[in-house]
Amino acid sequence: MDRFVFLTFDGLSNGAVYAAFALALVLIWRAARVVNFAQGAMAVAAAYAAYSVTQATGSYWIGFAAALGTGLMIGALVERAVMRFVGHANPLNEVIVALGLVLFIQAVLGMLYGNEFLPSHTPFSRNAIEVGGVPLLSRYDLFVFGAVAALVLLLALLFTKTSTGLRMRAAAFAPEVSRLLGVNVGGMLTLGWALASAVGALAAMLVIPTELGLNPHAMDLVFVTSFTAAVIGGLDSPPGAVTGGMAVGLILSYVSGYLGSSVTPIAVLALLLIVLLVRPGGLFSATVARQA
Amino acid sequence: MTEILQVRGLVAGYGAAPVLRDIDLTVPTGSIVTVLGANGAGKTTLLRTLSGLLRPTAGQILLDGKDLRRVKVERLVRLGMAHVPEGRGVVAELTVDENLRLGGLWRNDVNAAVAEVYELFEPLAQRKRNAGHLLSGGERQMLAIGRALVARPRLLLLDEPSLGLAPKITAQIMALLQKLRTQTGLTVLLVEQNARSALSVADSGVVMSLGRIATATTAQELRNAYLGS
Ligand SMILES: Nc1ncnc2c1ncn2[C@@H]1O[C@H](COP(=O)(O)OP(=O)(O)OP(=O)(O)O)[C@@H](O)[C@H]1O
Ligand SMILES: [Mg+2]
């Protein structure tokens, strides 16, 4: 029973990260109808920036802020300099370009930092706090929950309560009409990419120290896992992404806890396959039939 | 009387062959000018070119004497020109209130402007929180026109507002255009296939045919020629 409780909390903590990373995928999907396969590599690049800043300043938090700032910039840059020029005639175009970006970013990071794992620290202890003799959550887990909760809240406020959020939604749903109404649709697209990339960077900052450390491939498996979570959530739905992330985190935690961690990557793939076969629209898809 | 909009020698289209050929059009400030013509005559193409969604290959578009060639689409509404597109362009996923606010997000007085639209269109006020896709055709047209009015335009481009509406609602919309013109000096460029409705409120009109202006004259003359009255 203790083990089950431990695995549950561990699963929720990982799930929070998957939720954040899935949210980033959903943000770009909603804004541009693109699955950003480069998101893992982009997030790792931001985490490397944080590493350098933390090395230079000795402060985790300045590095943390640098990761978010770099994430924003990378997202804007990728949209402005690359994605904007990719034709939409064939949906494969964006996928191929994104995969090319992955190779490019990982190669550049390898040249700058090398391909071995760099140590990555957490700002809080990872020792689980015991409640009634049962180890539950570490301070770091609480930080992860808090950061993801704050993120979800801020995004919800942005999209439902601010003019910018309304512009972003309108630009995504009806770009031409939005332009006629005075919305800078291109700017909203850039902003969407920047935001999503910063969210991805946040997820990378949260998860990398809990795994093997910093490496150009550090987010590869997280990407696949979060993509699964986003698909479960319907790809279009932010609440779906959060729920999907938590669910996938729990399932994988039980799988690795009871069957062994070597099974996890296969479990992710199996999960993705099952979702795509059984419910390709996702469990939360709420697509409104478009009418004139 | 001055002209709010002047079009000279306009040529535009979608590919190699132009759809609009050598269009000349003058819209006097404070008037209602209708553009009539059969399906495929180029009426929608004309409006889309005026608001910059299509770039002309030749000719001039002057708004208050200012050349619009280099003006971005999203700037036009700030210059006083609003375009209600064919099919209305209600954003189905947004609520009525969000659709309306979208019409004037850059304005300081957007809340007041939205409130005025609710006064103008009572049925919308009761559906503030409804998603756009839940509205009837008539409500959608009210929302589309109301949303354009939130921008407080001086020139309103309307693409077939009567499409799919009951004659009674069409008549209400035409009456509203007349009222706005009288009360606020709004200028309207009204594209219609429903010549009877459009000519009931227009001061003058043009008839388009195969991408050209075939006739340009007063509404009275058009009524005599086309409606036999
Ligand atoms: N997106 C497009 N690409 C290519 N050709 C187009 C496009 N839209 C319209 N056309 C062509 O341009 C011509 C004029 O079309 P337009 O939509 O302007 O006509 P209209 O007068 O608005 O007709 P309707 O009364 O049916 O709305 C037509 O021959 C049409 O086939
Ligand atoms: Mg038309």
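Parameters at a glance
- Residues numbered from 1 in each chain as written.
- Chains lettered and ligands numbered in written order.
- Predicted model: local features only at pLDDT ≥ 70, side-chain atom pairs only at ≥ 80, totals over all residues.
- Heavy atoms only, no water.
- Helix = DSSP H or I, 4+ residues; strand = E, 2+ residues; numbered from the N terminus.
- Rg over C-alpha atoms; globule rule 2.2 N^0.38 Å.
- Buried < 20%, exposed > 50% of the residue type's maximum accessible area, 1.4 Å probe, protein only.
- Contact = heavy atoms within 4.5 Å.
- Donors = N, O, S within 2.8 Å, 3.2 Å for Na, K, Ca; no water.
- Expected span 1.5 Å × (residues − 1).
- Near = heavy atom within 4 Å.
- Polar contact = N/O pair within 3.5 Å; in protein donor to acceptor, adjacent residues only side chain to side chain.
- Areas by Shrake-Rupley, 256 points an atom, 1.4 Å probe, with all protein chains shown as cover.
- Nonpolar A, V, L, I, M, F, W, Y, C, P; charged D, E, K, R; others polar.
- Patch = residues over 30% accessible without salt bridge, like charges linked within 9 Å, V, L, I, M, F, W, Y side chains within 5 Å.
- Salt bridge = Lys/Arg side-chain N within 4 Å of Asp/Glu carboxyl O.
- Lys, Arg positive; Asp, Glu negative; His and termini not counted.
- Charge placed at Lys NZ, Arg CZ, Asp CG, Glu CD.

With that settled, consider the overall build of chain B. On a plain count of helices and strands, chain B comes out with 9 helices and 10 strands. Here the C-alpha atoms of chain B give a radius of gyration of 17 Å, agreeing with the 17 Å that 2.2 N^0.38 yields for 229 residues. Taken along its principal axes, the extent of the C-alpha atoms in chain B is 45 × 45 × 35 Å. The buried share among the 229 residues of chain B stands at 54%. Across chain B, the fraction of contacts at a sequence separation of at least 24, relative to all contacts at a separation of at least 6, is 67%.

Quick look at the coordination of the magnesium ion (ligand 2) now. At the metal site, the magnesium ion (ligand 2) is ligated by Thr44 of chain B (OG1) and Glu86 of chain B (OE), and these contacts range over 1.9 to 2.3 Å. Of this pair, Thr44 of chain B sits in helix H1 (residues 43-50) while Glu86 of chain B sits in the loop between strand E6 (81-84) and helix H3 (96-102), placing them 42 residues apart in sequence.

Another point: helix H2 (residues 39-57) of chain A. Helix length check: H2 of chain A (19 residues) gives 27 Å between terminal C-alpha atoms against 27 Å at 1.5 Å per residue, within 8%. All of the buried residues in H2 of chain A are Gln39, Gly40, Ala41, Met42, Ala43, Val44, Ala45, Ala46, Ala47, Tyr48, Ala49 and Ala50 of chain A.

All names here are of chain B. Taken together, 13 residues lie around ligand 1, and Asn39, Lys43, Thr44, Thr45 and Glu86 are the ones closest in. Between Glu86 and ligand 1, the recorded distance is 2.6 Å, taken from a side-chain N or O atom to an oxygen atom. Expressed as a share of its isolated accessible area of 630 Å², the protein-covered part of ligand 1 is 59%. For the shell around ligand 1, the residue count by class is 4 nonpolar, 6 polar and 3 charged.

The next point concerns a positive patch on the surface. Residues Arg80 of chain A together with Lys72, Arg75 and Arg78 of chain B make up a contiguous surface patch of positive charge. With respect to the secondary-structure elements, Lys72 of chain B resides in the loop between strand E5 (66-67) and helix H2 (73-76).

This paragraph deals with unusual backbone geometry. Non-glycine residue Arg33 of chain A carries a positive phi angle of around 55°. Within the secondary structure, Arg33 of chain A is located in the loop between helix H1 (2-32) and H2. The exposure class assigned to Arg33 of chain A is partly exposed, which follows from its relative accessible area of 42%. The backbone of Glu160 of chain B sits at a positive phi, close to 50°, despite the residue not being glycine. Turning to its location among the elements, Glu160 of chain B is positioned in the loop between strand E7 (155-159) and helix H7 (167-184).

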